[in-house]
Amino acid sequence: MALTQIPAPAPATPRPHGVRRLGVRARRDAATRLVAGSALWLSLLLVTWWWVSGGGISDLGGWASGLTSLGRITGLTSAVLLLAQVVLMARVPVLERAFGQDELARVHRIVGFTSFNLMLAHLVTITWGYAGGSLGSTPRTLWDLVVNYPGMLLATAATACLVMVVVTSIKAARRTLRYESWHLLHLYAYLGVGLAIPHQLWTGADFTSSTGRQVFWWSAWIAAAGSVLVWRVGLPVWRNLRHGLRVAAVVPEGDGLVSVHLTGRALHRLPVEAGQFFTWRFHGRPGWTRANPYSLSAAPDGKSLRITVQDVGDGSGATAGLTVGSRALVEGPYGRLSPRARTRRKVLMIGAGVGITPLRALAEGLEYAPGEALVLYRTSATPLFVEELNELSQRRGLVVWGLPGRRRAPDSWLGSGVDAPTDLVALTSWVPDVADRDVFVCGPRPWTELVVRDLRGAGVPEHHIHLENFGW
Ligand SMILES: Cc1cc2nc3c(=O)[nH]c(=O)nc-3n(C[C@H](O)[C@H](O)[C@H](O)COP(=O)(O)OP(=O)(O)OC[C@H]3O[C@@H](n4cnc5c(N)ncnc54)[C@H](O)[C@@H]3O)c2cc1C
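Description of the structure in this document. (Residues numbered from 1 in each chain as written. Predicted model: local features only at pLDDT ≥ 70, side-chain atom pairs only at ≥ 80, totals over all residues. Heavy atoms only, no water.)

## Section: the overall build of the protein
Note the cut-off: Note on conventions: DSSP H or I runs of at least 4 residues are helices, E runs of at least 2 residues are strands, and numbering of each starts at the N terminus. Only protein chains enter the area calculation, which uses a 1.4 Å probe; residues under 20% of their type maximum are buried, those over 50% are exposed, and those in between are partly exposed. Any pair of residues with heavy atoms lying within 4.5 Å of one another is described as a contacting pair. Accessible surface is estimated by sampling points in the Shrake-Rupley manner with a 1.4 Å probe; for residues, cover comes only from the protein chains shown. Residues scored as positive are Lys and Arg, those scored as negative are Asp and Glu, and His as well as the terminal groups of each chain are ignored. The atom standing in for a charge is NZ when the residue is Lys, CZ when it is Arg, CG when it is Asp and CD when it is Glu.
Tallying secondary structure elements over the protein gives 17 helices and eleven strands in all. Seen along its three principal axes, the alpha-carbon backbone of the protein occupies a region of about 80 × 50 × 40 Å. Across the 472 residues that make up the protein, the buried fraction comes to 50%. The contacts of the protein with a sequence gap of at least 6 include a subset with a gap of at least 24, amounting to 72%. Approximately 21,900 Å² of the protein is accessible, and the part contributed by carbon and sulfur atoms is 64%. Counting 47 positive and 31 negative side-chain charges, the protein places the centres of these two groups 6 Å from one another.

Written as structure tokens, this is what we have:
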């Protein structure tokens, strides 16, 4: 393992988004969420209106015409939601900042399953309707539609792609797959969405029968494809070319953890904040094409970056073997566990295990007066960053409480040393003003779910809980 010098520490330069502008960016993000949600609902309303004005409701009066009509509305709404899904996962910076990737992935999952169910309903009802409402004739009609109508063979391939993506995303199936395999299969969704478009254009009168409709659909398709090309592909390529990140040092932190220090060009122009994460590919590492998400474990100072990685599998395990000078390719920064989410002067940070990494960076990057920032650090192994946290305590008045020991019960997020009757009682006795704080939480998902349960129980409003889960 290469163990070389850490780059000389640059003086910490807290970014200007601190206490003075508290809540400004959080309010802007809330407005963005409202606009994005409204745009989606208005799009659904618009296509429903087109369906109504095209006789959609009156057609429901007849059996066969009713089935065809249902096929039209389900097709239209599923097409809107399919495109919305693509945009949700296109890493559009304004959406990433407003929602955070965890929340976008959650919404994407709901929208994805809904659009898929609507697509299946569309397929069944439209074919059944075209078969004059006769179930017996439906298979023949389906065959006729697929082989004789323009774009329908492509639509069939699109359906196959989307079925594969959805089946592998059902929780039970997903658990049996490695993240990388699931992710690779998931990329077929793009193919599915792309292959579905021709049949909409060539056979779907609802898509092309007026200028307004053509403008709407073309804009939506271009926006979805453009978002992917610009933000999912173009921006990372440009950022990597511009900054040329390289490993400057690999430092063991004990217990299978290593910190990787990186330098690059013009890092002061990289728009990243403490608490955020990138997905990383290290050139030369075995399996280097597979990306892993890691949070910054130190506040960015415009000259270097640092991540701290726990060995849990092939990718993370190979991190200790990185050599100085290796090229790092990143996507990001992502995540809302950052000063931009903050609305309160007082903050509480709760982390478990390696989940302390973004909180360690936040403790450095946030502005606060002595005593205003409190860290609860749950650990069953040797704690990380002890010296650095102590230094922040002495220099800036950060309060750090360790919560050591094994978990005291399966439904507890606390260690065995705590003797309060419930976790909620413990939390509110340690932090009586918890409901008045912004709370940043990071750790494995089952653990963060327990923490969030008690934060809600303690009266912390939903929009003051900022969460990063280390898992997918
Ligand atoms: C937003 C975020 C920030 C993270 N920050 C850190 C950090 O600062 N330090 C740290 O040690 N760990 C962090 N993790 C966890 C880290 O990404 C995984 O431990 C790592 O990717 C495991 O990869 P592997 O190839 O070693 O293991 P594998 O054997 O491939 O995977 C082990 C487990 O890691 C998770 N995982 C693997 N790849 C990914 C991926 N691309 N996205 C999400 N989860 C994945 C899965 O749950 C998987 O079951 C973070 C995770 C997320 C989602």
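Back to the write-up after that little detour.
## Thoughts on helix 7 (residues 152-169)
The criterion, for reference: Helix span, as expected, comes to 1.5 Å for every residue beyond the first.
Here helix 7 spans 25 Å end to end across 18 residues, near enough to the 26 Å set by a 1.5 Å rise per residue. When helix 7 is considered as a whole, its buried residues turn out to be Met152, Ala155, Ala158, Thr159, Cys161, Leu162, Val165, Val166, Thr168 and Ser169.

## A closer look at the sheet that holds strand 2 (residues 257-263)
To keep it simple, the criterion reads: Between any two strands, pairing holds if DSSP finds at least two bridges. An axis is simply a line fitted to the C-alpha atoms; with a helix, the fit covers only the stretch in contact. Between two such axes, the angle follows the N-to-C directions and lies from 0 to 180 degrees.
Strand order in the open sheet formed by three strands is 1-2-5, with antiparallel pairing between adjacent strands. Two strands bound the open sheet, and with one partner strand each, they are strand 1 (246-254) and strand 5 (304-310). Here the average twist between neighbouring strands, direction ignored, is 20 degrees. Alignment of strand 2 against strand 5, held across seven bridges, turns out to be antiparallel. Within strand 5, the position partnered with Ser259 by the bridge is Thr308.

## Examining empty space enclosed by the protein
Empty space among the atoms becomes apparent when a probe as large as a water molecule is rolled across them. How we decide: Cavity: a set of points on a 1 Å grid over the protein atoms alone where a 1.4 Å probe fits but cannot get out. Pocket: an open set with protein on both sides within 12 Å along at least five of seven lines, its lining residues, like those of a cavity, having an atom within 4 Å of a point. Grid points are joined across faces, edges and corners, and a volume is the space filled by probe spheres set on the points. Residue polarity is assigned by list, with Asp, Glu, Lys and Arg as charged and Ala, Val, Leu, Ile, Met, Phe, Trp, Tyr, Cys and Pro as nonpolar; anything else, Gly included, falls into the polar class.
On inspection of all chains with the given rule, the structure shows three cavities of 30 Å³ or more. By volume, the second largest cavity amounts to about 40 Å³. In terms of lining residues, the second largest cavity is bounded by Arg239, Asn240, His243, Gly244, Leu245, Leu270 and Val330. In terms of residues, the lining of the second largest cavity owes the most to one element, helix 12 (residues 211-243), which gives three residues. For the lining of the second largest cavity, the class distribution of residues is three nonpolar, three polar and one charged.

## Overview of the side chain of Ser69
Its location among the elements puts Ser69 in helix 3 (residues 63-88). With a relative accessible area of 1%, Ser69 lands in the buried category. Setting aside anything within four residues of it in sequence, one finds Ser69 in contact with Trp51, Gly56, Asp59 and Leu60.

## Details of the site of the ligand
This is how the line gets drawn: Nearness of a residue to a molecule or strand requires only that one of the residue's heavy atoms be within 4 Å of it. Think of a polar contact as two N or O atoms within 3.5 Å of one another; within protein, one of them needs to be a possible hydrogen donor and the other a possible acceptor, and neighboring residues in sequence only count if both atoms come from side chains.
Every one of the 24 residues lining the ligand counts as a neighbour, but Tyr179, Asn292, Pro293, Gln310 and Ser316 are closest to it. Measuring from an oxygen atom of the ligand, one finds a side-chain N or O atom of Glu180 at 3.2 Å. In this structure, Ser295 approaches the ligand through a main-chain N or O atom, which is 3.1 Å from an oxygen atom. When the ligand is considered free in solution it has 860 Å² of accessible area, and contact with the protein chains removes 83% of it.

## What about the pattern of salt bridges?
Opposite charge on two side chains permits them to pair, given that their charged atoms come into close proximity. Note the following rule: What makes a salt bridge here is a side-chain nitrogen of Lys or Arg within 4 Å of a carboxyl oxygen of Asp or Glu, nothing more.
Counting across every chain of the model gives 21 salt bridges. Salt-bridge contacts for Asp314 lead to Arg178; the nearest nitrogen and oxygen are separated by 3.3 Å. Linking Asp314 in helix 13 (residues 314-317) with Arg178 in the loop between helix 8 (171-175) and helix 9 (179-186), this pair joins segments that are 136 residues apart in sequence. Exposure remark for Asp314: the relative accessible area of 51% places this residue in the exposed category. Residue Arg360 is joined to Glu388 by a salt bridge in which the shortest nitrogen-to-oxygen separation is 2.5 Å. You can see Arg360 sitting in helix 14 (residues 356-365) and its partner Glu388 sitting in helix 15 (residues 386-396), a full 28 residues away along the chain. With a relative accessible area of 7%, Arg360 lands in the buried category. Three or more residues joined by partner-sharing salt bridges are found here, namely Arg178, Glu180, Arg290 and Asp314.

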